[in-house]
Amino acid sequence: MSRIFIAEDDSAILAGLTDLLSGAGYETAVLNGFENAPAQILAARPDLVLMDITLPVMNGEMILREIRKSSDVPVIMVTSRSSETDEVLSLSYGADDYVSKPYDPTILLLRISAVLKRYSRVEEKSTYRGLNLNTARGSLSDGSTELVLTKNEMLIFRVLLDKQGQIVTRDELMTALWDNEEYINDNALTVNISRLRQKLDGFGCKGAIETRKKQGYILL
Amino acid sequence: MRFSEFLKDKLPAIGLGGAGLSMMLVFMLAFKANTQQIFAVCFIYVLIGMVILLWDFFRRRRFYVRLMEDLDRLDQKYLISEMVEPPEFIEGRLLCEVLAQTSSAMCGQVAAYRRETADFREYIELWVHEIKLPLAGMQLMTHNSPDGKKYSAELKRLEEYIDNVLYYTRCDNAEKDYLIKPVSLKRAFSNTALKNRGLLQQNGVCLSAEGLDTTVMTDSKWLEYMLGQLMGNSLKYLRPEVTGEITVFTAETDTATELHFRDNGCGIPAADLPRIFDKSFTGENGRTHAASTGMGLYIIKSLCTRLGHTVRAESVQGEYTDIIISFGKNEMKDIVSQEEK
């Protein structure tokens, strides 16, 4: 389980983020007072830091520079300042991504998981029931035969596989697809999922994707 | 300043001189001076009079002609007081003094207003950042609570209106708060689409993007805001009888990359088309459809102008609207993109 450190001074946002992240299966840690923020963050040994820029005592950019002296933990800057200059500045201090408030929580989760993957803080799963997933070729194989998936099916399968055993909402799937420039609509998503299901069925994975009514899908 | 005008102005002095001359003549005749003496005195008198007039005319003319020329050349006329050199004659010096005093008083006034506007703008920016905090908090809360979904559309609207304020204060301000660098159109569009996904899907709008694998020199935040506005417009002016479609594509010309943002909505009446970028213009669609403030496209136009892009619209009522933003190409872009490679 990845541990995410939240450096945030707004109590409502802090509570919301903590709920959101623990709901998504992350462990969270928060600042205990704003003194010595860099030391507190480093001591918690997080896998990722969500950092607000406007913090009391020491602002996020300074904390980031302090952290970077001794650690390369991924940092996502989260701020209500939304100008390009702020973003470029943060990135130059060593931030890995920059998200401006207010944000769509689903998009924030997507960014977090992308940064974690980039740093291989989470093992990218590449096998499912003994099948090898080849993202570059867009296919699944059991060693002898290959099952070719379309780009959309691949994207959907990828998301489901990353959260195997957990419910994935249609919202999350949509966000992931749209983030990859696949602007499909509700019907198309349903069609894609049922096609993916058929393909997996035919490849010896019966009942791989289950529908949870009004919640989403789950890969067993 | 013409000589005739000058003479007219000097008429009393000339008259007085003439009167003096005639009185002198009368006296000299009375004293029985001889004709040669009278002639010599008159000649010297008139000559000196003429010299004085001409000298005065030319020194004045030099000053005023220069002043008028400078005034013509200046695009900011109020700066004239900085340009004039005080002449040696008294009216000119007085004029310079008056100019200097009025312009410094005016500058003081302008500076005061400028400070006021800057303060106000600064406060608005600060306020926007402040109000985004509770908004972000609310978005997280609605996302986390099981029945929160119904609030999220309204929160999105709030967010949009707040952004409008921010970009309106930014769009016609002298301060530089944008940063131009190579921006991937694909990335910018996908960010915008992602942000508006909920609304687009609710309205059953199909989105398609082609040929966006290119970079343009712009500020990505501003571009995303503009695309968001255009998307909002398309959603506002859908035609109920057809499925909404938004198509985004690029076209290359010799000097520019043109980004087309095209929808199959209700279109714009030909009569309104030339004025849609004007401030507060609402037109026929503004009256018949959802309330319009006439600010969206105006802000887009201003932002484009500040970024050095141009924007235009093509439309056929009842068929489509195509908003075209064209990003100038230049060597700078090639240099930057080469460096990136």
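The structure presented is a predicted model; accordingly, all values stated were derived computationally and were not measured. (Residues numbered from 1 in each chain as written. Chains lettered and ligands numbered in written order. Predicted model: local features only at pLDDT ≥ 70, side-chain atom pairs only at ≥ 80, totals over all residues.)

J.: Help me get a handle on the interface of chain A and chain B, residues and values and all.
T.: With 29 residues of chain A at the interface, the matching set in chain B holds 31 residues. Elements represented by at least two residues in the side of chain A that touches chain B include exactly α1 (11-23), α4 (84-92), α5 (105-118) and α7 (170-179) of chain A. If one sorts the elements of the side of chain A that touches chain B by residue count, α1(A) sits on top with seven residues. Within the side of chain A that touches chain B, the residues separate by chemical class into 12 nonpolar, eight polar and nine charged. (Contact = placed C-beta atoms within 7 Å. Helix = DSSP H or I, 4+ residues; strand = E, 2+ residues; numbered from the N terminus. Nonpolar A, V, L, I, M, F, W, Y, C, P; charged D, E, K, R; others polar.)

J.: Go over unusual backbone geometry, please, and point to the residues and values.
T.: Residues and elements named next belong to chain A. The peptide bond linking Lys-101 to Pro-102 adopts the cis configuration, its omega dihedral lying at -10°. One can find Pro-102 in the loop between β5 (97-100) and α5. With a phi angle near 45°, Arg-45 is a residue other than glycine that sits in the positive phi range. In this fold, Arg-45 is placed in the loop between α2 (37-44) and β3 (48-52). Taking the number of C-beta atoms within 10 Å as the measure of exposure, Arg-45 has 11 and is therefore exposed. (Buried ≥ 20, exposed ≤ 12 C-beta atoms within 10 Å, placed from the backbone.)

J.: Mind laying out the domain arrangement of chain A, listing which residues take part and the relevant values?
T.: All names here are of chain A. For chain A, the domain assignment lists domain 1 (3-118) and domain 2 (127-219). If you average the C-alpha positions of domain 1 and of domain 2, the two centres end up 30 Å apart. Tallying the contact residues gives four residues for domain 1 and six residues for domain 2. Looking at the side of domain 1 that touches domain 2 residue by residue, the class counts come to two nonpolar, two polar and no charged. (Domains from an automatic or database assignment.)

J.: Break down the environment of Pro74(A) for me, with residues and values.
T.: All names here are of chain A. Mapped onto the elements of the fold, Pro-74 is located in the loop between α3 (60-68) and β4 (75-79). Classification of Pro-74 by C-beta neighbours within 10 Å gives buried; the count is 20. Sequence separation of Pro-74 and Arg-118 is 44 residues, and the distance between their C-alpha atoms is 9.3 Å.

J.: Run through the pairing of β3(A), naming residues and quoting values.
T.: Residues and elements named next belong to chain A. Among the five residues that make up β3, five are buried, leaving the element largely enclosed by the rest of the structure. Burial along β3 is two-sided: Leu-48, Leu-50 and Asp-52 facing one way and Val-49 and Met-51 facing the other are all buried. Inspection of the sheet shows strand β1 (residues 3-7) paired to β3 by four bridges, in the parallel sense. Across the sheet, Ile-4 pairs through a bridge with Leu-48, a residue of β3. Regarding topology, α3 serves as the crossover connection from β3 to the parallel β4, and that connection is right-handed. (Pairing = 2+ DSSP bridges. Right-handed = clockwise from strand over helix to strand, strands pointing away.)

J.: Let's hear about the confidence of the model for chain B: which residues, and what values?
T.: Put simply, chain B has an average pLDDT of 88, and 96% of its residues get 70 or more. The complex model carries a pTM of 0.80, and its ipTM stands at 0.85. (pLDDT = per-residue confidence, 0-100.)

J.: Go over the sheet that holds strand β2 (residues 206-210) of chain B with me, naming the residues and quoting the values.
T.: All names here are of chain B. As summarised here, the arrangement of the five strands in space is β2-β4-β5-β7-β6, forming an open sheet in which the pairing is mixed. Each edge of the sheet is formed by a strand with only one pairing partner; in this case those strands are β2 and β6 (310-316). Each adjacent strand pair in this sheet contributes to an overall mean axis angle of 15°, direction not counted. (Axes fitted to C-alpha atoms, helices over the stretch in contact; angles between N-to-C directions.)

J.: Any details on the nonpolar core? Residues and values, ideally.
T.: Counting residues in hydrophobic clusters, the biggest one holds 57 residues, and the most contacted among them are Ile156(A), Met226(B), Leu227(B), Ile300(B) and Leu303(B). Beyond its immediate sequence surroundings of up to four residues, Met226(B) is in contact with Ile300(B) and Leu303(B). Ile13(A), Leu31(A), Ala37(A) and Leu108(A) belong to the second-largest nonpolar core, a separate cluster that totals 34 residues. (Core = buried A, V, L, I, M, F, W, Y, C linked by C-beta atoms within 7 Å.)

J.: Would you mind going over the sheet that holds strand β10 (residues 167-168) of chain A in detail, with residue names and values included?
T.: Residue and element names in this part refer to chain A. As summarised here, the arrangement of the three strands in space is β10-β12-β11, forming an open sheet in which the pairing is antiparallel. Edge strands, defined here as strands with exactly one partner in the open sheet, are β10 and β11 (209-212). Direction of pairing for β11 relative to strand β12 (residues 216-219): antiparallel, over a ladder of four bridges. Of the residues in β12, the one forming a bridge with Thr-211 is Tyr-217.

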